[in-house]
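Each chain is listed here by its residues.
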Amino acid sequence: MLPTFLNSWRRSIATLAVSGVALGFGFSAWRVNAWEALQPLFAWMETSWLGAIGKTWGGVFAVVEAMHLLAMAMLGGALLVSDGRLLGWLLRDVPVTLLLCRAHRVFVIGLVAALATGMFMACAVATKIYFLPVFWIKMLALAVGVLFTFAIKRPLLADGIEDLHPWVVRAVAVASLTVWFTVAASGRWIGFSG
Amino acid sequence: MDARRKDQQLAALLAAAGIIGCALVYWALQIQQVLETLAMARG
């Protein structure tokens with residue numbers, strides 16, 4: 001009886017479990033311990049050759065930053081199109097499965113490019129961002145966004161939305177826009193901080 | 001609707017509710033902080 005129940009609701013149970021563990025981690029001493037343990041890694045990042053290039057040549061940093069913004073624009077554009085369609089705001093004449101599939105491809109390219117350029121930029125200012133709470137908010141939002149997109153949203157929408165409750169589809173679209181807005185806005189905030 | 005889809009829907013609803021709730025609290029606190037800073041700057 002119990003194994004059948006657990007198996008039938010395994011995705012929901014996993015979602016609750018991951019949320020519980022994340023909240024428990026966030027409000028415990030483990031978070032501070034993990035933060036302190038990461039300090040040598042950030043010090044090493046700044047002395048690595050990526051960090052040295054980023055700090056020495058401002059022009060290289062500026063070009064990579066521009067590419068980072070372009071990647072974010074690509075990612076954001078793909079999200080606006082797919083989530084806007086899910087909310088019924090735009091492109092209503094385009095089949096939703098086709099649109100979601102193509103937008104997801106653009107989203108993945110944008111995400112990979114944003115991660116690659118973001119890592120380079122982080123190396124150049126590693127010891128600064130390590131002490132910025134907004135950087136950790138961004139990393140948390142990024143992790144939540146990636147998990148939500150690939151473990152929840154994508155599997156849910158891959159089989160179409162016709163059999164789904166409309167409010168579930170809307171909630172998924174709003175949550176997706178919210179979490180990626182938080183990632184982008186926190187990233188901009190890092191630029192204003194310190 | 002089969003059990004797999006029901007599970008996917010519930011998981012999506014839980015995750016979406018969690019994300020929207022946490023984001024609302026976070027941005028409300030940030031806006032409050034900005035307003036307090038502006039009020040202090042005005043004296």
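The structure displayed is predicted, hence computed values, not measured ones. (Residues numbered from 1 in each chain as written. Chains lettered and ligands numbered in written order. Predicted model: local features only at pLDDT ≥ 70, side-chain atom pairs only at ≥ 80, totals over all residues. Heavy atoms only, no water.)

*Asks:* Is there a simple way to explain the overall build of chain B in this structure?
*Replies:* Broken down by element type, chain B carries one helix and zero strands. Reported as C-alpha extents along the three principal axes, the dimensions of chain B are approximately 60 × 10 × 5 Å. A buried classification covers 30% of the 43 residues belonging to chain B. A total of about 2900 Å² of accessible surface is found on chain B, and carbon and sulfur atoms cover 70% of it. (Helix = DSSP H or I, 4+ residues; strand = E, 2+ residues; numbered from the N terminus. Buried < 20%, exposed > 50% of the residue type's maximum accessible area, 1.4 Å probe, protein only. Areas by Shrake-Rupley, 256 points an atom, 1.4 Å probe, with all protein chains shown as cover.)

*Asks:* Sorry if this is basic, but what is going on with unusual backbone geometry here?
*Replies:* Even without a glycine there, the phi angle at Leu91(A) is positive, about 50 degrees. Structurally, Leu91(A) can be placed in the loop between helix 6 (58–86) and helix 7 (96–124).

*Asks:* Help me out: how do you make sense of the packing of aromatic side chains in this one?
*Replies:* Ring pairs (aromatic) are described by centroid distance and by the angle formed between their planes. Residues and elements named next belong to chain A. Counted according to the given criterion, the structure contains 13 aromatic pairs over all chains. Centre to centre, the rings of Phe-135 and Trp-136 are 5.0 Å apart; their planes meet at 75 degrees, and the pair counts as edge-to-face. You can call Trp-136 partly exposed: its relative accessible area is 24%. Taken together, Trp-35, Phe-42, Tyr-130, Phe-131, Phe-135 and Trp-136 form an aromatic cluster joined through their ring pairs. Its end group placed over the ring of Trp-167, Arg-170 keeps NZ or CZ at 4.6 Å from the ring centre. (Phe/Tyr/Trp six-rings, centres within 6.5 Å; stacked < 30°, edge-to-face > 60°. Lys NZ or Arg CZ within 6 Å of the ring centre and 35° of its normal.)

*Asks:* Help me out: how do you make sense of the interface of chain A and chain B in this one?
*Replies:* Every contact between the two is made by 30 residues of chain A and, on the other side, 22 residues of chain B. Seen at the junction of chain A and chain B, the total is two salt bridges. Of the charged contacts, one joins Asp163(A) and Arg5(B) as a salt bridge, the two residues approaching to 3.0 Å between their closest N and O atoms. When contributions to the side of chain A that touches chain B are tallied by element, the ones reaching two or more residues are helix 2 (10–26), helix 9 (133–158) and helix 10 (166–192) of chain A. For the side of chain A that touches chain B, the element with the highest residue contribution is helix 10 of chain A, accounting for 11 residues. Taken together, the residues that form the side of chain A that touches chain B break down as 19 nonpolar, seven polar and four charged. (Contact = heavy atoms within 4.5 Å. Salt bridge = Lys/Arg side-chain N within 4 Å of Asp/Glu carboxyl O. Nonpolar A, V, L, I, M, F, W, Y, C, P; charged D, E, K, R; others polar.)

*Asks:* Would you mind going over the confidence of the model for chain B with me for this structure?
*Replies:* Residues shown with low pLDDT carry predicted positions that ought not to be read at fine detail. In this model, chain B carries a mean pLDDT of 91, and residues with pLDDT of at least 70 account for 98%. Here the predicted complex scores 0.90 on pTM and 0.89 on ipTM. (pLDDT = per-residue confidence, 0-100.)

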